[in-house]
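Summary of structural features
Chain by chain, the residues run as shown.
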Amino acid sequence: MTSAAPTLSLPGDPPGGRRAVWIWGIGVAVYFVAIIFRTSLGVAGLDAADRFDVNASALSTFSILQLLVYAGMQIPVGLMVDRLGTKKVLALGAVLFTLGQLGFALSPSYGMALASRALLGCGDAMTFISVLRLGSRWFPARRGPMISQVAALFGMAGNLVSTLVIARALHGFGWTTTFVGSSLAGVVVLVLLLLFLKDHPEGHEPPPAEHAGAAFVRKQIAAAWREPGTRLGMWVHFTTQFPGMVFLLLWGMPFLVEAQGLSRGTAGELLTLVVLSNMVVGLVYGQVIARHHAARGPLALGTVAMTALLWASTIFYPGDHAPMWLLITLCVVLGSCGPASMIGFDFGRPANPPERQGTASGIVNMGGFIASMTTLFAVGVLLDATGDNYRVAFASVFVLEALGVAQILRLHARATRRERDHHVVSRVEAVHVPV
């Protein structure tokens, strides 16, 4: 089995360099702030339940609605990025998620708070696909896996801000001051991107966009979906991302405090461990995949297997509470879920031409958020139905993991064969390009 990733620079490959890092870094900063806003509810879940006087199902609706909007926006956002470019879409996203965070801070009622989270989810949806597109326009294609993982790493750094800064600020300054203050970060990154961000380097302009319309939209979506690599990428993202997302976004803190008997401070430290693990594993996965493309499938499936094993060991541990060493191990393993989900984009990217990258990335990105949304809802309903039995509620994770693994195994051989054929064609075309 050949393991070395292709390093051929194709005609028109962007040069990269320091300017590319600076421009791409501005896009990543926007994504970083979006993640802070997205995950701030994860450390404020118990406060939100008290503030709006809601039960577990209603509390989960905050995150479900946010992710429903996020997932539903992925294909439209992908089309927008392909059509309008990165700068316009990122700017709109920054405006929306900042207004959503500010609205959440000032909402006097549950209904208005829900609307604010939906607005936040809409803006958040416009960030990651835009950052992926920005990376592909400014860096050589061979850097794609590492660029994706590093972007995700900075996103997890935003999660770290939530677990360390937002949680402490809530305790020290209260709800309104904390969320209003955090919304100022959105204003800062919006100004930076308006002043400095460019869609592509000079001399690397994309081809003119086709005439817009319903027929064009259908053609883009259908062409991306026909590629087995796009569908495999979506199912990899679906299967790997959601356990860590569900734990960090909402249910980790209540589980550790209410089911495991930990203090909120200790629970916050464990959530921080998930984030730190994610950042370290992301760098490792990016390096491995950049050098050994054949490792993508084993890494994804191995992450799913380890996650399922530790999840089951924790929730079914005989006794009232799992030991601390097991909770620590679970959090370390949950940290690998985010990096493993990035592998989905490494299947979708080579399966589609540059003018379809946004649409394909949108399809891939839908996977994990649909799974997260489904699990958030299932856990909330099962907790209410069983009197807060976390063993039953958290067991719903295994259903979606089984579905995802079945689809990955079904599509993997077909997608890798198709990708190999595309690579052969690209090598032939590169050899025959006149100098």
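A brief report on the enclosed structure follows. (Residues numbered from 1 in each chain as written. Predicted model: local features only at pLDDT ≥ 70, side-chain atom pairs only at ≥ 80, totals over all residues. Heavy atoms only, no water.)

When its secondary structure is counted, the protein shows 16 helices and zero strands. Residue burial in the protein is summarised as follows: out of 435 residues, 57% are buried. Looking at the protein alone, contacts between residues at least 24 apart form 85% of all its contacts between residues at least 6 apart. Of the roughly 17500 Å² of accessible surface on the protein, 67% is carried by carbon and sulfur atoms. (Helix = DSSP H or I, 4+ residues; strand = E, 2+ residues; numbered from the N terminus. Buried < 20%, exposed > 50% of the residue type's maximum accessible area, 1.4 Å probe, protein only. Contact = heavy atoms within 4.5 Å. Areas by Shrake-Rupley, 256 points an atom, 1.4 Å probe, with all protein chains shown as cover.)

With that settled, consider the packing of helix α9 (residues 228-259) against helix α10 (residues 264-291). Running from N to C, α9 and α10 point in directions that differ by 145 degrees, and their axes come no closer than 9 Å. For the pair α9 and α10, the sense of crossing is right-handed. Between α9, through F247, L248, G252, M253, L256 and V257, and α10, the contact on the second element is made entirely by R264, A267, G268, L270, L271, V274 and V275. Partitioned by chemical class, the residues of the contact of α9 with α10 number 10 nonpolar, two polar and one charged. (Axes fitted to C-alpha atoms, helices over the stretch in contact; angles between N-to-C directions. Left-handed = near helix turned anticlockwise from the far one by under 90°. Nonpolar A, V, L, I, M, F, W, Y, C, P; charged D, E, K, R; others polar.)

As a further point, take empty space enclosed by the protein. Considering all chains together, one arrives at two cavities of 30 Å³ or more under this definition. In this structure, the largest cavity encloses a volume near 290 Å³. Every residue lining the largest cavity is counted, 26 residues in all, and those nearest its centre are R38, M156, Q241, M245 and G338. Elements represented by at least two residues in the lining of the largest cavity include exactly α1 (18-52), α6 (144-173), α9, α10, α13 (337-348) and α14 (357-386). It is α9 that provides the largest number of residues to the lining of the largest cavity, a total of six residues. Looking at the lining of the largest cavity residue by residue, the classes come out as 14 nonpolar, 11 polar and one charged. Domain assignment of the residues forming the lining of the largest cavity places at least three in each of domain 1 (16-198) and domain 2 (221-434). One number sums up the size of the second largest cavity: a volume of about 110 Å³. Together, I129, L132, R133, S136, F345, G348, R349, Q357, G358, A360, S361 and V364 line the second largest cavity. The element contributing the most residues to the lining of the second largest cavity is α14, with five residues. (1 Å grid on protein atoms, 1.4 Å probe; cavity = no way out; pocket = protein on both sides within 12 Å on 5 of 7 lines; lining within 4 Å. Points joined across faces, edges and corners; volume = space filled by probe spheres on them. Domains from an automatic or database assignment.)

This part is about the environment of V236. On the secondary structure map, V236 appears in helix α9. By relative accessible area, V236 is classed as buried at 1%. Spatially, the C-alpha atoms of V236 and G368 are 8.2 Å apart, while their sequence positions differ by 132 residues. In this structure, V236 is in contact with A300, A340, I343, G344, F347 and I408, ignoring residues within four places of it in sequence.

Where charged atoms from two side chains of opposite charge come close, those side chains can pair. Across all of its chains, the model carries five salt bridges by this definition. Its salt-bridge partner being D124, residue R38 comes within 2.6 Å of it at the nearest N-O pair. Of the two residues, R38 is situated in helix α1 and D124 in helix α4 (residues 110-124); the sequence distance between them amounts to 86 residues. For D124, a relative accessible area of 1% gives the class buried. R264 is the salt-bridge partner of D47, the closest N and O atoms lying 3.0 Å from each other. One end of the pair, D47, is in helix α1; the other, R264, is in helix α10, with 217 residues separating them in the sequence. (Salt bridge = Lys/Arg side-chain N within 4 Å of Asp/Glu carboxyl O.)

This paragraph deals with unusual backbone geometry. The phi dihedral of D53 is positive, around 55 degrees, even though this residue is not glycine. Structurally, D53 can be placed in the loop between α1 and α2 (56-84). Exposure remark for D53: the relative accessible area of 71% places this residue in the exposed category.

This part is about the packing of aromatic side chains. Tallied over the full model, the rule gives 23 aromatic pairs. Here Y31 and F128 contribute two aromatic rings whose centre-to-centre distance is 5.0 Å and whose plane-to-plane angle is 40 degrees, an arrangement assigned as tilted. Of the two residues, Y31 is situated in helix α1 and F128 in helix α5 (residues 128-138); the sequence distance between them amounts to 97 residues. Exposure class is identical for Y31 and F128. Each is buried. Arranged with centres 6.5 Å apart and planes meeting at 25 degrees, the rings of F316 and F398 form a pair that is stacked. Of the two residues, F316 is situated in the loop between α11 (296-315) and α12 (324-334) and F398 in helix α16 (residues 397-431); the sequence distance between them amounts to 82 residues. Given the relative accessible area of 46%, F316 is considered partly exposed. (Phe/Tyr/Trp six-rings, centres within 6.5 Å; stacked < 30°, edge-to-face > 60°.)

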